[in-house]
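Chain residues, written in single-letter form:
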Amino acid sequence: MYFEALCKELESFTEIEAIALGGSRSGKDFDSKSDYDLYVYVENLPPVDLRQKILEKYCSYMELGNSFWELEDDCTLKNGIDIDIIYRNLDSFKKSIEDVVDKNNSHNGYTTCMWHNLLNCKILFDRNGKLRNLKNLYNVNYPKALKENIISRNFKLLNGFLPSYDGQILKALNRDDKVAVNHRVSAFLESYFDIIFAMNELTHPGEKREVMYAKKNAKILPKNFEENINELFFCLFDKEKCEKVPTIINTIISELKKCCC
């Protein structure tokens, strides 16, 4: 009730071109407490005082204009469910997808997240059909060059070069620098999953439920895929078991390479 009424009022802003629901709420994998990820595509950002005037009708708590990642109004609806309202310029969003899908440029992990967001969002409002047209435009086969570029770039980050994560993790372990270990293992897994999804020609769903998404959708997975990840975390910060971490990482890399051969 609160969510639907809020979306309807947001449509009254002439600056807003389209509104789309993303995240788990746009599909079937959500429960009654799942957050709303609402993407609002604008030519110009509606003034904060006008946004507040509308939001306070439906929200019990509001943080307006957060910009830690994208520009957001982060709120809690009066029914207790959180809602993140993310404001985007549609032209800039389009360019970010062109860079990946058309120009085949890869990143250090999460390469195809924006493309995934576009393909899987649920369009709630589309003033001139621009978002629907963009979604149709990029409903295409996974580009071969993009697949190759993601795998090549991210494998170099995993192993084989001086800056590669496997060596950085070993150095951090030897220093007993737990913060650095955590940081480098997170980066390692970002590149690892970017390879997994590219290898299977799947767009990247983002940082949540990656193992579950891979198990459900990937046709090719490394041997003992989930077990090796679980063992890595089990041993990571245990003084008696952390000596196993380099071997586990080598196994993860080795099994991934077998899948790419």
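Refer to the structure above for everything that follows.
This one's a predicted model, so the numbers in the text were calculated from it and none came from an experiment.

(A) Broad picture of helix H10 (residues 225-236). Its 12 residues give H10 an end-to-end C-alpha distance of 17 Å, which sits within 8% of 16 Å, the value for a rise of 1.5 Å per residue. Where H10 is concerned, the buried positions are Phe225, Asn228, Ile229, Leu232, Cys235 and Leu236. Looking down the long axis of H10, one finds its buried residues gathered within 140° of arc, a one-sided arrangement.

(B) Structural context of the nonpolar core. Residues Phe188 and Tyr192 are the most contacted members of the largest nonpolar core, which totals 55 residues. Ranked by residue count, the leading element in this core is helix H8 (residues 178-199), at 12 residues. Residue contacts for tyrosine 192: discarding those within four places in its chain leaves Leu158, Pro222, Phe225, Ile229, Ile252 and Leu256.

(C) Inspection of unusual backbone geometry at higher detail. A positive phi angle, close to 60°, is found at asparagine 104, a residue other than glycine. Mapped onto the secondary structure, asparagine 104 falls in the loop between helix H3 (90-102) and helix H4 (113-120). Exposure remark for asparagine 104: the relative accessible area of 16% places this residue in the buried category. Look at arginine 209: it is not a glycine, yet its phi comes out positive at around 55°. Following the sequence through the fold, arginine 209 ends up in the loop between H8 and helix H9 (210-217).

(D) Structural detail: the sheet that holds strand E5 (residues 82-89). Here 6 strands make up an open sheet; going across it, the order is E3-E4-E5-E2-E1-E6 and the pairing mixed. On the outer flanks of this sheet lie strand E3 (59-66) and strand E6 (122-126), each paired with one strand and no other. Looking at each pair of strands side by side, their axes are set apart by 20° on average, direction ignored. As paired strands, E3 and strand E4 (residues 71-77) are joined by 5 bridges and run antiparallel to one another. Pairing of cysteine 59 across the sheet is with leucine 77, part of E4. Across the face of the sheet, H3 comes into contact with strand E1 (16-22), strand E2 (36-42) and E5 while running at roughly 85° to E5. Sitting on the sheet, helix H5 (residues 130-137) is in contact with E1, E2 and E6, with an inclination near 145° to E6.

Here is what the cut-offs are and how they apply
- Residues numbered from 1 in each chain as written.
- Predicted model: local features only at pLDDT ≥ 70, side-chain atom pairs only at ≥ 80, totals over all residues.
- Heavy atoms only, no water.
- Helix = DSSP H or I, 4+ residues; strand = E, 2+ residues; numbered from the N terminus.
- Expected span 1.5 Å × (residues − 1).
- Buried < 20%, exposed > 50% of the residue type's maximum accessible area, 1.4 Å probe, protein only.
- Arc of directions from axis to C-beta.
- Core = buried A, V, L, I, M, F, W, Y, C linked by side-chain atoms within 4.5 Å.
- Contact = heavy atoms within 4.5 Å.
- Pairing = 2+ DSSP bridges.
- Axes fitted to C-alpha atoms, helices over the stretch in contact; angles between N-to-C directions.

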